[in-house]
Amino acid sequence: MDYNKVLNPTVTGLKPSGIRRFFDIAEEMDNVISLGVGEPDFLTPWHIREAGIASLESGKTRYTANKGLKVLREEIAKYNKRRFGLTYDPNTEVLVTVGGSEAIDGAIRALVSPGDEVLIPEPSFVCYDPITKLSGGIPVGIPTKAENNFRLTAEELKNAITDKTKVLIMPFPNNPTGAIMEREDLEAIAEVLEGTDIMVISDEIYAELTYGGKTHVSFASIGNMAERTVVIGGFSKTYSMTGWRLGYACGPEPILTQMTKIHQFAIMSAPTTAQYAAIEALRYGANDIEQMLDEYDSRRKMIVHGFNKLGLTCFEPEGAFYSFPCIKSTGMTSEEFCEKLLYSKHVALVPGSAFGASGEGYVRASYCYSIDHIKTALEKVGEFLEELKNA
Amino acid sequence: MNIKLLKLLSQNARYDLSDLAVMAGLTEDEAKKEIAEMEKEGLIRGYKAVIDWERLDSAKVSALIELKVTPQSDFGFEALAEKIAKYGEVESVYLMSGGFDFCVMVKGKTFQEVAMFVAKKLAPMSGVVSTATHFVLRRYKELDVVLCEGTGDDRGRMSL
């Protein structure tokens, strides 16, 4: 059978993540010291796991309401109120999803029609582009720059807007750069959008992970931006719950109603066990966040200091759990650098180019690892650079 | 006083000074000075390894002793606590709320040795009304360190 004839050309046309081959090599190799993962090394705090177990023991094994458990939606609304000053009606403006990913997918599908342009600041997480294409939309990358601390500027945004622009993705705190957007940065963006019909999908999955006394500001809390913003949140990064697959979207009722429809047909409802665990997380998890954040901060300082000392200039990430050192001084492309490093020292980093063309010249090093692990990896990178010099 | 340094040292007292400084956002000299000061003030009282003694054949025995006492009119619980703390066999002494007064952790080479210490030294002390000895049979977690087998890192090596 000629499957090319039967498969959807939009899907077959999606580039498989260019990095797949490199990832496969890393997975196969022995004794790899990886700084390559995008998930916490911590396990889900025990009291949260226990809440999931207790829900199973008491027989909570059925579907929940499509939108998610009412109690959970109420807790999500309360949380967004107390943390970010956002006001959402738990009955009509909150949707519990299978991870932040499904919320992003649903938001894009609810908003984007064929031919619409979706602005995506880059480097950024890899899903916005393909999901946009699945809706027939046109992804338009906006390269952010190291000299601006990888923040999106009003000027860059203005230059990217056309009469076809439908959605702006706001991926901050950012994977892979660790960049954040502060209030005045967001205000400048809001000013550009004011008076337009451009919608915003603000992917704030790393909202709790900010450092140096900077607290996350939600784009929806700026002026009257809430009316055009869908906020994406989740439990994976905040509470080390990646495997539970639970996230949410909050936004204006008319959009959330359509997203709920998509969710209802495609998913039914998010995992019940995870929803019960998430209630516990939102009610009693603040302390866990504080502890993990403190630990990430120590690691962040170690890794940034380490790369800078090795001569791989590393901008100070203020959010998420990634560092993004510049490897241009080696004269290699980021893929070359990562591949050679992997083969010669068995250290796995992710090429910055995996996150969009503007990531070229950088590598992503996650600090979801113990201090000892990070130190060992840095030593190996140091040896690698030494050998390059002497070669 | 530097809370961040204290936290780091309580996680791992063997971090290199240079690493401690980086993680606490200090210069090496500053970190060194802070630590020396906290030692001098008695805020940092010592540095010890967390050892899984059960892996040795010559494992120690330890017991938690509940002590009920009569507080002395002049000194309350203090004098007695200080006296108990003087014994080398005693690892820690805590004043407790609830059904008894002092929790005393005692170590020895054998059960017999610990039992004899309680019978001959603790029980007869003036002011001690009663003792109850609970031997530790197995340690699963010691000073925040889990001693039983964990799950390890089961994450893949790469993910975006």
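The structure displayed is predicted, hence computed values, not measured ones.

## Observations concerning the overall build of chain B
A count of helical and extended segments in chain B gives five helices and six strands. For chain B, the α and β elements follow one another from N to C terminus as α-α-α-β-α-β-β-α-β-β-β. A principal-axis box enclosing the C-alpha atoms of chain B has dimensions of 60 × 40 × 30 Å. When each of the 160 residues of chain B is scored for burial, the buried share is 28%. The long-range share in chain B, meaning contacts at least 24 apart out of those at least 6 apart in sequence, stands at 57%. Element-wise, carbon and sulfur atoms account for 52% of the exposed surface of chain B, whose accessible area totals about 10,500 Å². Here chain B carries 22 positive and 25 negative side-chain charges, and the mean point of each set is 4 Å from the other.

## Section: the overall build of chain A
Of the regular secondary structure elements, chain A holds 14 helices and twelve strands. Relative to the compact-globule value of 21 Å for 391 residues, chain A shows a C-alpha radius of gyration of 21 Å, a close match. By principal-axis analysis of the C-alpha atoms, chain A measures approximately 65 × 55 × 50 Å. Among the 391 residues that make up chain A, the fraction classed as buried is 57%.

## Describing the sheet that holds strand β11 (residues 350–351) of chain A
Residues and elements named next belong to chain A. The three strands are arranged β9-β12-β11 in an open sheet whose pairing can be described as antiparallel. Of all strands in the sheet, those bounded by a partner on one side alone are β9 (322–323) and β11. Here β11 pairs with strand β12 (residues 363–366) via two bridges, running antiparallel. Its bridge partner being in β12, V350 is matched across the sheet by R364.

## Quick look at the packing of aromatic side chains
Tallied over the entire structure, the rule returns 19 aromatic pairs over all chains. Ring plane angle 85 degrees and centroid distance 5.7 Å describe the contact between Y79 of chain A and F84 of chain A, whose orientation is recorded as edge-to-face. Both residues of the pair, Y79 of chain A and F84 of chain A, count as buried. Arranged with centres 4.6 Å apart and planes meeting at 70 degrees, the rings of F111 of chain B and F135 of chain B form a pair that is edge-to-face. Of the two residues, F111 of chain B is situated in helix α5 (residues 111–122) and F135 of chain B in strand β4 (residues 128–135); the sequence distance between them amounts to 24 residues. By way of ring pairs, the aromatic residues F42, Y206, Y296, F321 and Y322 of chain A are connected into one cluster. When the ring centre of Y369 of chain A is taken as origin, the NZ or CZ atom of R155 of chain B, which lies over that ring, is 4.6 Å away.

## Focus: the domain arrangement of chain A
Residue and element names in this part refer to chain A. Domains assigned within chain A are domain 1 (3–44 + 287–390) and domain 2 (46–285). A C-alpha centroid distance of 24 Å is found between domain 1 and domain 2. Counting residues at the interface gives 35 residues for domain 1 and 43 residues for domain 2. Of the roughly 3,200 Å² buried where domain 1 meets domain 2, counting both sides, 60% is carbon and sulfur surface. Applying the counting criterion to the domain 1 and domain 2 interface returns two salt bridges. At the junction of domain 1 with domain 2, the criterion picks out 21 residue pairs in polar contact (both at pLDDT 80 or more). Going through the elements one at a time, α2 (9–12), α12 (286–309) and β9 are the ones with two or more residues in the side of domain 1 that touches domain 2. Across the side of domain 1 that touches domain 2, the residue classes break down as 20 nonpolar, nine polar and six charged.

## Points about the pairing of strand β2 (residues 90–95) of chain B
Residue and element names in this part refer to chain B. Taken together, the five bridges between β2 and strand β3 (residues 102–108) define a ladder with antiparallel strand orientation. Considered in β3, the bridge of L95 is made with F102. From the end of β2 to the start of β3, which pair antiparallel, there are six residues, and G98 there has a positive phi angle of about 100 degrees.

## Overview of the interface of chain A and chain B
With 38 residues of chain A at the contact, the number on the chain B side is 19 residues. Note on chain A versus chain B: buried area summed over both sides is about 2,200 Å², and carbon and sulfur give 53% of it. Considering only the surface of chain A that becomes buried against chain B, E27, D294 and K301 of chain A emerge as the three largest contributors, covering 21% of it. Counting every contact that joins chain A to chain B gives four salt bridges. Between D19 of chain B and K375 of chain A there is a salt bridge; the shortest N-O distance is 2.3 Å. Across the chain A-chain B interface, the total number found is 18 residue pairs in polar contact (both at pLDDT 80 or more). Taken together, the elements giving at least two residues each to the side of chain A that touches chain B come down to α3 (20–28), α12 and α14 (371–390) of chain A.

## Observations regarding the nonpolar core
All names here are of chain A. F321, F337 and L349 are the most contacted members of the largest nonpolar core, which has 48 residues in total. Elements supplying a minimum of two residues to this core: α3, α12, α13 (334–345), β10 (347–348), β12 and α14. Top element by residues in this core is α14. It accounts for six residues. When residues of this core are assigned to domains, at least three fall in each of domain 1 (3–44 + 287–390) and domain 2 (46–285). When near neighbours in sequence (up to four residues on either side) are disregarded, F337 contacts L312, I327, T330, M332, L349, V363, F384 and L385.

## Some details on a nonpolar patch on the surface
A cluster of nonpolar side chains, M1, Y3, V6 and L7 of chain A, forms an exposed patch at the surface whose accessible area comes to about 490 Å². Here L7 of chain A lies in the loop between α1 (3–6) and α2.

## Considerations on the packing of helix α1 (residues 3–11) of chain B against helix α3 (residues 28–40) of chain B
Residues and elements named next belong to chain B. Where α1 contacts α3, the two axes come as close as 11 Å, and the packing angle between them is 80 degrees. As far as their axial angle goes, α3 and α1 are roughly perpendicular. Contacts between α1 and α3 involve L5, L6 and L9 on the former and, on the latter, A31, E34, I35 and M38. Class assignment of the residues belonging to the contact of α1 with α3 gives a composition of six nonpolar, no polar and one charged.

## What to know about the packing of α13 of chain A against α14 of chain A
Residue and element names in this part refer to chain A. Between α13 and α14, the shortest axis-to-axis distance is 10 Å and the interhelical angle comes to 105 degrees. When the axis of α13 is compared with that of α14, the two are roughly perpendicular. Within the contact between the two elements, α13 uses F337, K340, L341, S344 and K345 and α14 uses K380, V381, E383, F384, L385 and E387. Residue composition of the contact of α13 with α14, grouped by class: five nonpolar, one polar and five charged.

Parameters and conventions
- Residues numbered from 1 in each chain as written.
- Chains lettered and ligands numbered in written order.
- Predicted model: local features only at pLDDT ≥ 70, side-chain atom pairs only at ≥ 80, totals over all residues.
- Heavy atoms only, no water.
- Helix = DSSP H or I, 4+ residues; strand = E, 2+ residues; numbered from the N terminus.
- Buried < 20%, exposed > 50% of the residue type's maximum accessible area, 1.4 Å probe, protein only.
- Contact = heavy atoms within 4.5 Å.
- Areas by Shrake-Rupley, 256 points an atom, 1.4 Å probe, with all protein chains shown as cover.
- Lys, Arg positive; Asp, Glu negative; His and termini not counted.
- Charge placed at Lys NZ, Arg CZ, Asp CG, Glu CD.
- Rg over C-alpha atoms; globule rule 2.2 N^0.38 Å.
- Pairing = 2+ DSSP bridges.
- Phe/Tyr/Trp six-rings, centres within 6.5 Å; stacked < 30°, edge-to-face > 60°.
- Lys NZ or Arg CZ within 6 Å of the ring centre and 35° of its normal.
- Domains from an automatic or database assignment.
- Buried area = accessible area lost by both parts, 1.4 Å probe.
- Salt bridge = Lys/Arg side-chain N within 4 Å of Asp/Glu carboxyl O.
- Polar contact = N/O pair within 3.5 Å; in protein donor to acceptor, adjacent residues only side chain to side chain.
- Nonpolar A, V, L, I, M, F, W, Y, C, P; charged D, E, K, R; others polar.
- Core = buried A, V, L, I, M, F, W, Y, C linked by side-chain atoms within 4.5 Å.
- Patch = residues over 30% accessible without salt bridge, like charges linked within 9 Å, V, L, I, M, F, W, Y side chains within 5 Å.
- Axes fitted to C-alpha atoms, helices over the stretch in contact; angles between N-to-C directions.
- Parallel < 35°, antiparallel > 145°, perpendicular 65-115°, else oblique.

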